[in-house]
Amino acid sequence: MKADVLLGLQWGDEGKGKIVDVIAPKYDVVARFQGGPNAGHTLEFNGLKHVLHIIPSGIFHEHIANIVGNGVVIDPIVFKEEIDALEKLGVNCIKHLFISKRAHLILPTHRLLDAASESSKGKEKIGSTLRGIGPAYMDKTGRNGLRIGDVFQSDFKKKYDFLVSKHKQLLELYDYKFELKELEDKWFAGIETILKFQAIDSEIYVNDALNNNKTVLAEGAQGSLLDIDFGSYPFVTSSNTICAGACTGLGLPPTKIGEVMGIFKAYCTRVGSGPFPTELNDATGEGIRKAGNEFGSTTGRPRRCGWMDIPALRYAVMVNGVSKLIMMKADVLSHLDTIKICTHYMYEGKKINSLPYDVANASLTPVYIDFPGWKTDLRKVTADNLPAALENYIQFIEKEVNVPVSIISVGPDRTQTLERAGIMV
Ligand code: IMP
């Protein structure tokens, strides 16, 4: 068997949690491959709304083995909070949640360093979620990090103290005032929770599963335009959010990648700083934010909203090798008379079809095509009676990026998900 990959094609918050939850029943294993508690995967079913940060979105299905892969960074405080919340809902995570020994830990001092680094940047700040993600990945690549496997070893506290003493020196350089005790107490309580779980060699687990004909879904976090290499650097996250991240973040050989399912919203959003060529700083953007409840599920920050951006989407489809597209939140645009799609940009007097290298500083003018709105309550439509205007909108996108749209989501609930005729995920 080959593993399918599901990932975001924009700046995150595309709705990955909902779709993993919808398609999860047909998988035996769901594995997160990067990111950490900066992510917020929202699932809604039976009138219940639940946000997951580190735990894979297959956790509500008892038959699924949920893996937190080596590419993920784990904050024990958030991990414990998530486990406690799930247990309250009657989900027994111990049985079907496994953590890679090679996943790195976010220390309390990583959070402090994130805050110190952001405040030192002033106006240039990235708009980080301040969850300690960047500093934890820095320690990983700097070969200083602590891993889940270390938690089970007798010298863990010694290793922890050594790394914290380094961090304290850095915090002094930033002249950053901090209080560690309360955070540390919570953190070690989280470590106690982690000790109850099975730490595994997840790369072996996942490859064995595939060799034994089990179905595996690799679940991404954030979005391709936040990728550390291919996103709008430096306004990016610190991991590889693209499909290649599933290989390094789970130990999946590239030859074992099956379908690559790319999720995008019918419009664009971005939370935090950084370039956003089709951003709408007007009443239309405000209307989309309100209709789509576009507020960060991790930080609660209002998300910036704008029109669909084809050059950015095409780029994301290219770097991921997307084979199927999933379009989310079509219902959010239902109130609009006219909907715009950016087909290219004008840059230094020339027409360009992709984001330039210097996108963070470049002055781009998006060029749009107008589409008539569908002005229909999509909660009542089925896959074979989509309004003609919506079908037209979808077909235009498919033609521009040369990949079929297999699923359209028309509301937050599991049930508000339409599979397009003849195109099955
Ligand atoms: P960090 O990963 O928390 O350091 O944040 C870096 C940038 O990525 C900031 O602009 C964040 O707002 C953005 N970001 C991080 N995680 C997410 C996410 O899950 N959804 C959307 N944006 C995110």
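If you're wondering where the values come from, they're calculated on a predicted model, not measured in any experiment.

## Quick notes on the overall build of the protein
On a plain count of helices and strands, the protein comes out with 13 helices and 20 strands. Rg of the C-alpha trace for the protein: 21 Å, near the compact-globule value of 22 Å for 425 residues, within the 12% margin. The principal-axis extents of the C-alpha atoms in the protein amount to approximately 65 × 50 × 40 Å. Of the contacts made within the protein by residues no fewer than 6 positions apart, 76% connect residues no fewer than 24 positions apart. Accessible surface, the protein as shown: approximately 17700 Å² in total, 52% of it carbon and sulfur. In the protein, which carries 49 positive and 50 negative side-chain charges, the distance between the mean positions of the two groups comes to 1 Å.

## Concerning the layout of surface pockets
Its boundaries defined by the atoms lining it, the second largest pocket holds a volume of some 370 Å³. Lining the second largest pocket are 21 residues, with G231, S232, Y233, Y357 and V359 sitting closest to its centre. Of the residues belonging to the lining of the second largest pocket, the class tally is 15 nonpolar, three polar and three charged.

## What about helix α2 (residues 76–88)?
In this model, α2 (13 residues) spans 18 Å end to end at C-alpha, consistent with the 18 Å of a helix rising 1.5 Å per residue. For α2, the full list of buried residues reads P76, I77, V78, F79, E82, I83 and L86. With its phi angle positive at about 85 degrees, G90 sits one or two positions after the end of α2.

## A closer look at the site of the ligand
Close to the ligand lie 15 residues; N38, T129, T237, V271 and R301 are nearest. In this structure, a nitrogen atom belonging to the ligand sits 3.3 Å away from a side-chain N or O atom of Q222. One of the side-chain N or O atoms of T237 is found 2.6 Å from an oxygen atom in the ligand. Alone, the ligand offers 470 Å² of accessible surface; in the complex the protein occludes 96% of this.

## Concerning the environment of E81
Following the sequence through the fold, E81 ends up in helix α2. Taking C-alpha positions, E81 is 33 Å from L325, a pair spaced 244 residues apart along the chain.

## Details of the sheet that holds strand β1 (residues 3–8)
Strand pairing in a sheet is mediated by backbone hydrogen bonds. Such pairs are either parallel or antiparallel. Pairing within the open sheet is mixed, and its ten strands lie in the order β9-β7-β5-β2-β10-β1-β11-β15-β19-β20. Because the sheet does not close on itself, it has two edges, and the strands there are β9 (198–200) and β20 (417–419). Each neighbouring strand pair of the sheet contributes to a mean axis angle of 25 degrees, computed without reference to strand direction. Bridge count between strand β5 (residues 65–68) and strand β7 (residues 97–100): three bridges; the pairing is parallel. Within β7, the residue paired with N66 across the bridge is L97. Running at roughly 155 degrees to β1, helix α1 (residues 16–23) makes contact with β1, β2 (29–32), β10 (216–219), β11 (257–265), β15 (324–328), β19 (405–409) and β20 of the sheet.

## Re the pattern of salt bridges
Counted according to the given criterion, the structure contains 24 salt bridges. Salt-bridge contacts for D161 lead to K157; the nearest nitrogen and oxygen are separated by 3.0 Å. Placement of the pair is D161 and K157 together in helix α7 (residues 156–173), with a separation of four residues, close to one helical turn. Assessed through its relative accessible area of 44%, K157 is described here as partly exposed. One network of salt bridges, in which partners are shared, links D13, K265, E294, R303 and K329.

## Brief notes about empty space enclosed by the protein
As enumerated under the stated definition, the model contains one cavity of 30 Å³ or more in all. Reported here for the largest cavity is a volume of approximately 30 Å³. Lining the largest cavity we find L9, Q10, L225, C268, D309, A312 and L313. Across the lining of the largest cavity, the residue classes break down as five nonpolar, one polar and one charged.

## Structural notes on helix α11 (residues 283–291)
Those residues of α11 not exposed but buried are G285, I288 and R289. Within α11, the buried residues cover an arc of 100 degrees as seen down the axis, which keeps them to one side. More than 90 degrees from the buried face of α11, the exposed residues found are A283 and K290. As for α11, its buried residues are in contact with β13 (304–306). N293 sits one or two residues past α11 and shows a positive phi near 45 degrees.

## As for the side chain of H41
Along the chain, H41 falls in strand β3 (residues 41–45). Those residues in contact with H41, other than ones at most four positions away along the chain, are K16, G17, R32, H50, V51, L52, S57, E219, G220 and A221.

## A few points about the packing of aromatic side chains
A complete count under the given rule lists eleven aromatic pairs for this structure. When the centroid spacing of 5.7 Å and the interplanar angle of 85 degrees are considered together, the rings of F371 and Y393 count as edge-to-face. Of the two residues, F371 is situated in strand β18 (residues 365–372) and Y393 in helix α13 (residues 388–401); the sequence distance between them amounts to 22 residues. Residue F371 shares its accessibility class with Y393, and that shared class is buried. Over the aromatic face of F45 sits the side chain of R414, whose NZ or CZ is 4.0 Å from the ring centroid.

Definitions and limits used
Residues numbered from 1 in each chain as written. Predicted model: local features only at pLDDT ≥ 70, side-chain atom pairs only at ≥ 80, totals over all residues. Heavy atoms only, no water. Helix = DSSP H or I, 4+ residues; strand = E, 2+ residues; numbered from the N terminus. Rg over C-alpha atoms; globule rule 2.2 N^0.38 Å. Contact = heavy atoms within 4.5 Å. Areas by Shrake-Rupley, 256 points an atom, 1.4 Å probe, with all protein chains shown as cover. Lys, Arg positive; Asp, Glu negative; His and termini not counted. Charge placed at Lys NZ, Arg CZ, Asp CG, Glu CD. 1 Å grid on protein atoms, 1.4 Å probe; cavity = no way out; pocket = protein on both sides within 12 Å on 5 of 7 lines; lining within 4 Å. Points joined across faces, edges and corners; volume = space filled by probe spheres on them. Nonpolar A, V, L, I, M, F, W, Y, C, P; charged D, E, K, R; others polar. Expected span 1.5 Å × (residues − 1). Buried < 20%, exposed > 50% of the residue type's maximum accessible area, 1.4 Å probe, protein only. Near = heavy atom within 4 Å. Polar contact = N/O pair within 3.5 Å; in protein donor to acceptor, adjacent residues only side chain to side chain. Pairing = 2+ DSSP bridges. Axes fitted to C-alpha atoms, helices over the stretch in contact; angles between N-to-C directions. Salt bridge = Lys/Arg side-chain N within 4 Å of Asp/Glu carboxyl O. Arc of directions from axis to C-beta. Phe/Tyr/Trp six-rings, centres within 6.5 Å; stacked < 30°, edge-to-face > 60°. Lys NZ or Arg CZ within 6 Å of the ring centre and 35° of its normal.

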